[in-house]
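Listed here are the chains, written in short residue letters.
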Amino acid sequence: MTHRSESVLREAVCEVGRRMYARNLVAATDGNISVRLDDDRYLCTPSAVSKGYMKPEDLVIADGAGGKIAGGGKVTTEFTTHLAAYEARPDMAAVVHAHPPKALALSVAGYTMEDCVLPEVVYALGGVPTAPYATPATPEGAAAIRDLIGHCDAVMMDRHGSITLGVDVFDAYFKLEKLEHAAETLLLARLFGEPRRLEPSEVDKLLAVRETYGVSGKPFRPTDA
Ligand SMILES: [Zn+2]
């Protein structure tokens, strides 16, 4: 990783942080972002810093055990959850964790986003499973997502927030946007009745189109986990 490309990644992480904060996908100092630099180094957001106001030099570099290699702040407490995702998905290079309020509202009310309802979401993400509740900022998060994250690029952590993976930090961020937009549509649909699921044959066709166009990452299907 050259110095220049690391500085580009630092700018990208800060830009994603600003967008997450501006779009109400996180509040105050919530959420965290990381990018894989190489086999054992990760650029990540420090704890207790608003994602809306980060400067490139605020970011820290952590190793694969969660220890700090460089930077002034503390490694985010959720980094162990990110590490579980990187371990399960060597094909992915970025992890974004947020508290998207509409997706979270569905989770709090006990609804899952696992059903394939919206074709655009099936195309981009497949289904979005929900991991069991885990105490935030503890290693429980890593244990909760480990079984699911090998099968999908986006997962809801029950009553806590989202984890999205990407081939780069914008890819992971766009999956977060997509997830929250889908949640908003599902909430609106629930005003009028029960959302209608896509027929399995239609889901198969979408997944085939996805493959044709080489969409990155894995599509989750409820039968995967
Ligand atoms: Zn969180």
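Residues numbered from 1 in each chain as written. Predicted model: local features only at pLDDT ≥ 70, side-chain atom pairs only at ≥ 80, totals over all residues. Heavy atoms only, no water.

(A) Geometry of the nonpolar core. Phe79, Ile145, Ile149, Val155, Ile163 and Leu165 are the most contacted members of the largest nonpolar core, which has 24 residues in total. Counting only elements with at least two residues in this core, the list comes to β2 (41–44), β3 (60–63), α2 (79–88), α5 (140–149), β7 (154–157) and β8 (161–166). Once residues lying within four places of it in the same chain are set aside, the contact partners of Phe79 are Ser34, Tyr42, Cys44, Ala62, Asp63 and Gly66. Counting residues in each nonpolar core, the second largest holds 21 residues, with Cys14, Ile33, Val35 and Ala98 among its members. (Core = buried A, V, L, I, M, F, W, Y, C linked by side-chain atoms within 4.5 Å. Buried < 20%, exposed > 50% of the residue type's maximum accessible area, 1.4 Å probe, protein only. Helix = DSSP H or I, 4+ residues; strand = E, 2+ residues; numbered from the N terminus. Contact = heavy atoms within 4.5 Å.)

(B) Summary view of the pairing of strand β5 (residues 94–98). Most of β5 sits out of view: 5 of its 5 residues are buried. Burial along β5 is two-sided: Ala94, Val96 and Ala98 and Val95 and His97, pointing in opposite directions, are all buried. Two strands pair when backbone bridges link them, and strand β1 (residues 32–38) and β5 are joined in this way by 4 bridges, in the antiparallel orientation. Within the sheet, the bridge partner assigned to Ile33 lies in β5 and is Val96. In the sheet, β5 pairs with β8 via 5 bridges, with the strands oriented antiparallel. Bridge pairing in β8 links Ala94 to Gly166. (Pairing = 2+ DSSP bridges.)

(C) Seen up close, the pattern of salt bridges. If you walk through the whole model with that rule in mind, you get 16 salt bridges. Here Glu177 ties to Arg23 by a salt bridge, and the two come within 3.5 Å at their closest N and O atoms. Linking Glu177 in helix α6 (residues 169–192) with Arg23 in the loop between α1 (3–22) and β1, this pair joins segments that are 154 residues apart in sequence. The partner of Glu120 in a salt bridge is Lys178, and the shortest N-O contact between them spans 3.5 Å. Of this pair, Glu120 sits in helix α4 (residues 119–125) while Lys178 sits in helix α6, placing them 58 residues apart in sequence. (Salt bridge = Lys/Arg side-chain N within 4 Å of Asp/Glu carboxyl O.)

(D) View of the pairing of β8. Of all 6 residues making up β8, 6 are buried, and the element is well covered by its neighbours. Here 4 bridges tie β7 to β8, and the two strands are oriented antiparallel to one another. Paired with Val155 across the two strands is Ile163, which belongs to β8. The loop that links β7 with its antiparallel partner β8 comprises 3 residues; one of these, Arg159, has a positive phi angle of about 60°.

(E) Molecular detail of unusual backbone geometry. With phi around 65°, Asn24 is a residue other than glycine that occupies positive phi space. Topologically, Asn24 is positioned in the loop between α1 and β1. Residue Asn24 is classed as partly exposed on the basis of its relative accessible area, which comes to 48%. Phi at Ala28 is positive, roughly 50°, even though this residue is not glycine.

(F) Highlighting the sheet that holds strand β6 (residues 130–131). Reading across from one edge, β4-β3-β2-β1-β5-β8-β7-β6 is the order of the 8 strands in this open sheet, with mixed pairing throughout. Whereas interior strands pair on both sides, the edge strands pair on one side only; in this sheet they are β4 (68–70) and β6. Across 4 bridges, the pairing between β2 and β3 is antiparallel. Each residue of the ladder has a partner; that of Arg41, found in β3, is Asp63. Across the sheet, α2 is in contact with β1, β2, β3, β5, β7 and β8; its angle to β1 comes to roughly 45°. On top of the sheet, α5 reaches β6, β7 and β8; it is set at about 145° to β7, its chief contact. (Axes fitted to C-alpha atoms, helices over the stretch in contact; angles between N-to-C directions.)

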